[in-house]
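Given next are the chains, with one letter for each unit.
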Amino acid sequence: MLAGLLLILLPLILGYLIPIRHRGALALIERGVNASVYIILFLMGVSLAGLEDLLGQLSRMSGQAATLFAIITPLNLLALAWLSRHSRLRAGESPRVADAPTSTGAALAGSLSLAGVVVLGILFGAAARHWELWVVHAWAEPLAEWALYLLLALIGCQLRNSGMPLKQILLNRHGLAIAICVALSSLLGGLLAAPLLDLRWNEGLAMAAGFGWYSLSGILIGDQLGPVLGGVAFFNDLARELFAFLLIPLVIHRATPLAIGYGGATSMDFTLPVIQQHGGVSCVPIAIVNGFLLSLLSPPLILLLLSF
């Protein structure tokens with residue numbers, strides 16, 4: 001698996017080495033990331049449809065995802081609540097920012113649309129299986145793998161050209177403390193969940209190392225451990241984001257680190273508008289740092305853990 005680790009990290013590193021300043025090119029990269037995510041999730045659904053006893057596997061997947069979420073979430077909340085009590089970080093006085101890029105409802109709809117793509121893939125794969133078009137299932141996995149390489153390269157470009165140098169990110173003590181808190185409490189949850197999910201210790205840790213980045217964790221886990229566990233990782237991290245949308249407006253003025261941190265890696269993209277809308281612009285750099293660090297840590301950590 002070490003060879004697989006290097007093979008998957010290579011496009012991420014190569015993408016990170018490419019400096020891009022043209023706004024049109026950056027917009028094209030963002031569209032490419034979004035398209036790659038939808039393609040891979042659709043193909044993941046197709047792969048799930050190729051399993052024997054599909055309904056039984058889906059039932060197992062939902063139960064395992066619920067178990068993982070139920071263990072990790074309280075640990076995240078306790079760790080971030082402790083950090084909030086010992087931190088001077090507070091959200092801005094203004095409860096809303098007028099030019100917030102999107103509403104909570106729009107953000108929720110965007111997240112649910114990704115789950116809908118997986119369902120469409122399952123339906124398409126089931127139809128192909130019914131008509132005995134086995135070539136569809138045969139090609140789903142290799143196509144998803146190549147789409148993953150492209151996605152990692154584009155994500156590397158995005159991280160490099162996020163507008164914040166690594167020095168500025170690493171010196172932001174609030175963002176760094178939140179990211180460490182989220183990472184350690186999530187990994188502890190994965191370790192505790194491993195025996196309940198009938199997984200090895202390193203697999204349990206890997207399942208928890210997506211830190212909310214559902215579009216990537218599901219893909220990487222699925223590539224190494226099969227589509228069922230990939231689906232578990234995906235729905236666990238998707239549930240984190242959906243819960244974050246509900247949590248942020250309620251606690252951001254009482255426990256700012258908790259509100260910023262719980263969304264994990266998504267605090268630099270999907271949950272960022274909600275953080276800005278309810279916490280003010282002062283929360284934005286910290287949310288970006290937290291999300292950036294967790295996004296940078298997640299892919300190599302998942303693959304490293306699965307290499308044991």
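Each value, and the rule that gives it
Residue positions are given per chain, counting from 1 as you read along its sequence in written order. Only residues with pLDDT of at least 70 get local features here, since the model is predicted, and only at 80 or more are side-chain atom pairs given and counted; chain-wide, interface and lining totals rely on the full set of residues. Working from all heavy atoms in the structure, the side-chain values ignore hydrogens and water. Only residues whose relative accessible area exceeds 30% and that take part in no salt bridge are eligible for patches, with like-charged residues grouped when within 9 Å of each other and nonpolar side chains (Val, Leu, Ile, Met, Phe, Trp, Tyr) grouped when within 5 Å. To be clear on the numbers: accessible area is Shrake-Rupley with a 1.4 Å probe, and residue cover counts the displayed protein chains and nothing else. Salt-bridge detection follows one rule: a side-chain nitrogen of Lys or Arg within 4 Å of a carboxyl oxygen of Asp or Glu. Only DSSP runs of H or I covering at least 4 residues are called helices, and only runs of E covering at least 2 are called strands; the numbering of each starts at the N terminus. pLDDT measures how confident the predictor is about each residue, on a scale from 0 to 100. Contacts: residue pairs with any heavy atoms within 4.5 Å of one another. Accessibility here uses a 1.4 Å probe with only protein chains present; expressed as a share of the type maximum, an area under 20% marks a residue as buried, one over 50% as exposed, and anything in between as partly exposed. The term nonpolar core refers to a set of buried residues drawn from Ala, Val, Leu, Ile, Met, Phe, Trp, Tyr and Cys, joined through side-chain atoms within 4.5 Å. Axis definition: a line fitted to C-alpha atoms, limited for helices to the stretch in contact. Angles are taken between N-to-C directions and run from 0 to 180 degrees. For this classification, under 35 degrees means roughly parallel, over 145 means roughly antiparallel, 65 to 115 means roughly perpendicular, and everything else is oblique. Note: crossing handedness is left-handed where the near helix turns anticlockwise from the far helix by less than a right angle, and right-handed where it turns clockwise. Ten residues, namely Ala, Val, Leu, Ile, Met, Phe, Trp, Tyr, Cys and Pro, are considered nonpolar, four, namely Asp, Glu, Lys and Arg, are considered charged, and the remaining ones, Gly among them, are considered polar. A pair of aromatic rings is counted whenever rings of Phe, Tyr or Trp (Trp by its six-membered ring) have centres within 6.5 Å, and the orientation is called stacked for planes under 30 degrees apart, edge-to-face for over 60 and tilted otherwise.

K.L.:
Quick question: what am I supposed to make of a nonpolar patch on the surface here?
P.N.:
A cluster of nonpolar side chains, namely Trp131, Leu133, Val135, Trp139 and Leu143, defines an oily patch on the protein surface of about 590 Å² accessible area. Among the secondary structure elements, Leu143 is positioned in helix α5 (residues 134-160).

K.L.:
Explanation requested: the confidence of the model for the protein in the structure shown.
P.N.:
Fine structural detail should not be taken from predicted coordinates in areas where pLDDT scores are low. For the protein, the average pLDDT comes to 85, and 89% of its residues sit at 70 or higher. Per-residue pLDDT stays below 50 along residues 93-101; that stretch engages in 21 contacts with residues further than four places along the chain or on separate chains.

K.L.:
Help me understand helix α12 (residues 272-279) in this model?
P.N.:
Along an α-helix, residues three or four apart share an orientation, since each turn contains 3.6 residues. Counting buried positions over the eight residues of α12 gives eight, a clear majority of the element. Trailing α12 by a residue or two, Gly280 shows a phi angle of about 90 degrees, which is positive.

K.L.:
What is the right way to read the nonpolar core from this model?
P.N.:
A general tendency of soluble globular proteins is for nonpolar side chains to be buried together. Of all hydrophobic cores here, the largest spans 93 residues; its most connected members are Leu41, Leu151, Ile178, Met207, Leu216, Ile221 and Ile260. Counting residues per element, this core draws most heavily on helix α13 (residues 284-306), at 13 residues.

K.L.:
Looking at this model, I keep getting lost on the packing of helix α7 (residues 173-193) against helix α8 (residues 201-208). Mind explaining?
P.N.:
Each packed pair of helices is defined by two parameters, the angle between the axes and the distance between the axes. Where α7 contacts α8, the two axes come as close as 7 Å, and the packing angle between them is 140 degrees. By the angle between their axes, α7 is oblique relative to α8. When you trace α7 past α8, the crossing you get is right-handed. The residues of α8 that touch α7, namely those facing Ser186, Leu187, Gly190 and Leu191, are Trp201, Gly204, Leu205 and Ala208. In the contact of α7 with α8, the residues fall into five nonpolar, three polar and no charged.

K.L.:
What should I look at first to understand the packing of aromatic side chains in this one?
P.N.:
Geometry of an aromatic ring pair is reported as the spacing of the ring centres plus the angle between the planes. Considering all chains together, one arrives at seven aromatic pairs under this definition. Here Trp146 and Tyr149 contribute two aromatic rings whose centre-to-centre distance is 5.4 Å and whose plane-to-plane angle is 90 degrees, an arrangement assigned as edge-to-face. Here Trp146 and its partner Tyr149 are both found in helix α5, three residues apart, which amounts to about one turn of the helix. Pairing Trp201 with Phe308 gives two aromatic rings, centres 5.7 Å apart and planes at 40 degrees, and the pair type is tilted. One end of the pair, Trp201, is in helix α8; the other, Phe308, is in the segment after α13, and 107 residues separate them in sequence. In this structure Trp201 comes out as partly exposed when scored by relative accessible area, which is 45%. Among the aromatic residues, those joined into a cluster by ring pairs are Phe69, Phe243 and Tyr262.

K.L.:
In this structure, what is going on with unusual backbone geometry? I would like to understand it.
P.N.:
Note: most peptide bonds trans; most residues except glycine with negative phi. The phi dihedral of Asp198 falls on the positive side, at around 60 degrees, and the residue is not glycine. With respect to the element layout, Asp198 can be found in the loop between α7 and α8. Not every positive phi belongs to a glycine, and Phe211 is a case in point at roughly 50 degrees. Of the residues examined, Phe211 reaches a relative accessible area of 0% and is grouped as buried.

K.L.:
In this structure, what is going on with the packing of helix α2 (residues 23-49) against helix α10 (residues 227-251)? I would like to understand it.
P.N.:
Between α2 and α10, whose axes approach to 9 Å, the crossing angle comes to 135 degrees. It follows that α2 is oblique to α10 by the angle criterion. Where α2 crosses over α10, the two elements pack in a sense that is left-handed. Together, Leu41, Met44, Ser47 and Leu48 of α2 and Pro227, Val228, Gly230, Gly231 and Phe234 of α10 make up the contact between the two elements. Class assignment of the residues belonging to the contact of α2 with α10 gives a composition of six nonpolar, three polar and no charged.

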